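# Coordinate analysis (summary)
Chain by chain, the residues run as shown.
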Amino acid sequence: MLSLVVPGMAGCTSIGPATVSRDRLDYAAALAEAAKRETLLNIVKLRYADAPSLIAVSQLVAGYTLEGRVDLRSDFFRNTWNFSDDMAFGVGGTFSDRPTATYTPIRGDDFARLMLTPIPPSELFAMLATGGPPALTLGLGVQSINGLRNWSPDAGGTDRADPAFVEVLQLLGELRNDGILGFRFEADAGRRTAYLLIEDPDGVKPLDARAERLLDLLDLEPGLTDVPIRFGFGTGNAGEITIYTRSLLEILDNLAAQIEVPGADVAAGRTYPTQTSPTEPRLLPSLSVQARMVRPLDSFVAVEYRGTWYWIDDRNYYAKRVFSVLLLLLNLVDKSGAVQLPVITIPTG
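## Some words on the nonpolar core
Residues I145 and F323 are the most contacted members of the largest nonpolar core, which totals 76 residues. Ranked by the residues each element gives to this core, the list is headed by helix 9 (residues 317-332), at nine residues. When neighbours within four sequence positions are excluded, F323 is seen to be in contact with K36, T39, L40, I43, L287, F300, V301 and I312.

## Looking at the packing of helix 3 (residues 121-129) against helix 4 (residues 134-141)
Following both chains from N to C, one finds helix 3 and helix 4 inclined at 170°, their axes separated by 10 Å at the closest point. Judged by the inter-axis angle, helix 3 sits roughly antiparallel to helix 4. The hand of the helix 3/helix 4 crossing is right-handed. On helix 4, the residues that touch L124, F125, M127 and L128 of helix 3 are P134, T137, L138 and G141. Counted by class, the contact of helix 3 with helix 4 contains six nonpolar, two polar and no charged residues.

## Describing the pattern of salt bridges
Under the criterion given, the structure shown has 15 salt bridges. In this structure, R210 and D208 form a salt bridge, with 3.1 Å as the shortest nitrogen-oxygen distance. With relative accessibility at 25%, the residue R210 sits in the partly exposed group. Among the charged side chains, a network of salt bridges with common partners joins E174, D178, D208 and R210.

## Digging into the packing of aromatic side chains
Evaluated as defined, the whole model comprises five aromatic pairs. Ring geometry for Y48 versus Y305: centroids 5.6 Å apart, planes at 50°, classification tilted. With Y48 in the loop between helix 1 (18-47) and strand 3 (55-61) and Y305 in strand 16 (residues 299-305), this pair connects stretches of sequence that are 257 residues apart. Residue Y48 shares its accessibility class with Y305, and that shared class is buried. Across the ring face of Y272, the terminal group of R47 is positioned such that the distance to the ring centre comes to 4.6 Å. Lying over the aromatic face of Y195, R184 brings its terminal NZ or CZ to 3.9 Å of the ring centre.

## A closer look at the packing of helix 4 against helix 9
One can describe the packing of helix 4 onto helix 9 by two numbers: an axis separation of 10 Å at closest approach and a directional angle of 55°. As judged from the angle between their axes, helix 4 and helix 9 are oblique. Our pair here, helix 4 against helix 9, has a crossing hand that is right-handed. Note on element contacts: helix 9 touches helix 4 through Y318, R321, V322, V325, L326 and L329, opposite L136, T137, L140 and G141. Split by residue class, the contact of helix 4 with helix 9 holds seven nonpolar, two polar and one charged.

Cut-off values and rules
Residues numbered from 1 in each chain as written. Predicted model: local features only at pLDDT ≥ 70, side-chain atom pairs only at ≥ 80, totals over all residues. Heavy atoms only, no water. Core = buried A, V, L, I, M, F, W, Y, C linked by side-chain atoms within 4.5 Å. Buried < 20%, exposed > 50% of the residue type's maximum accessible area, 1.4 Å probe, protein only. Helix = DSSP H or I, 4+ residues; strand = E, 2+ residues; numbered from the N terminus. Contact = heavy atoms within 4.5 Å. Axes fitted to C-alpha atoms, helices over the stretch in contact; angles between N-to-C directions. Parallel < 35°, antiparallel > 145°, perpendicular 65-115°, else oblique. Left-handed = near helix turned anticlockwise from the far one by under 90°. Nonpolar A, V, L, I, M, F, W, Y, C, P; charged D, E, K, R; others polar. Salt bridge = Lys/Arg side-chain N within 4 Å of Asp/Glu carboxyl O. Phe/Tyr/Trp six-rings, centres within 6.5 Å; stacked < 30°, edge-to-face > 60°. Lys NZ or Arg CZ within 6 Å of the ring centre and 35° of its normal.

Here's what the structure looks like:
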């Protein structure tokens with residue numbers, strides 16, 4: 001019996017660097033999709049007075065191997081070099097993909113820091129500086145600006161927004177889009193302060209009429225062009241903007257009041273009636289989440305809770321935009337404490 005193994009075709013072979021681009025995108029997409037579903041599930045749970053939960057993926061290890069084998073066997077006649085008709089040829093191989101994920105529940109102090117701490121005003125206005133829509137960003141993350149109140153839907157009903165609050169958001173968007181309004185940031189002892197800038201290039205011409213209207217609505221001194229933005233409650237003083245921001249829990253709870261739920265659940269007392277935005281959807285954030293008993297086919301994100309599917313229709317651009325801004329706000333919160341950032345390990349050698 002003679003057995004030959006073709007060189008270079010047997011043994012354990014690493015799949016190599018070619019996998020990095022594919023696996024990096026696949027794992028990133030999987031993590032993003034999981035974050036969307038977790039966020040929507042927490043919104044639904046809050047609507048039913050159920051406690052939200054957070055799970056961090058602290059590490060992902062992709063482990064895989066590829067093994068190949070080629071065998072050639074034949075019997076010889078005794079004392080001769082001629083092959084007999086008894087010849088065997090075999091090809092084989094195995095592939096294994098065994099990724100390992102490490103999950104870390106977020107609890108205690110980490111949960112309180114992530115969910116209960118108001119978002120710093122500087123982070124919200126950093127989003128505006130990079131193109132975030134003021135009506136959505138501030139409409140979600142702000143409770144009041146210089147005493148002007150946002151709307152707050154909850155189980156007890158809807159607090160109507162101050163008309164001046166809505167007008168302030170409109171003016172901020174218009175002035176920024178026209179290049180009249182901008183922002184700057186200063187850091188002091190680890191804390192960052194945002195400043196609202198209003199263009200006045202010559203220092204002589206009066207400000208844009210809309211800018212003057214913005215200052216008037218916020219009870220600021222006429223003609224201001226560089227206004228600090230600070231965290232606080234109430235009107236503050238005439239030289240600064242006082243922002244009372246919401247925590248992530250408040251944002252999620254406010255959105256939970258707007259989603260669709262089965263009428264039978266409301267009638268049975270499991271939850272409360274849906275609250276609707278007091279203004280047009282494009283002025284203040286309004287999240288459209290539908291509910292039905294069967295899994296939707298065309299969804300942007302969908303989760304099941306107590307036998308009912310809740311989802312955002314992929315054809316509803318406005319709802320998708322509101323939800324995406326929400327995800328950006330979630331990422332603004334400091335996660336640098338005991339919770340480790342996800343580490344993805346992909347073997348390449």
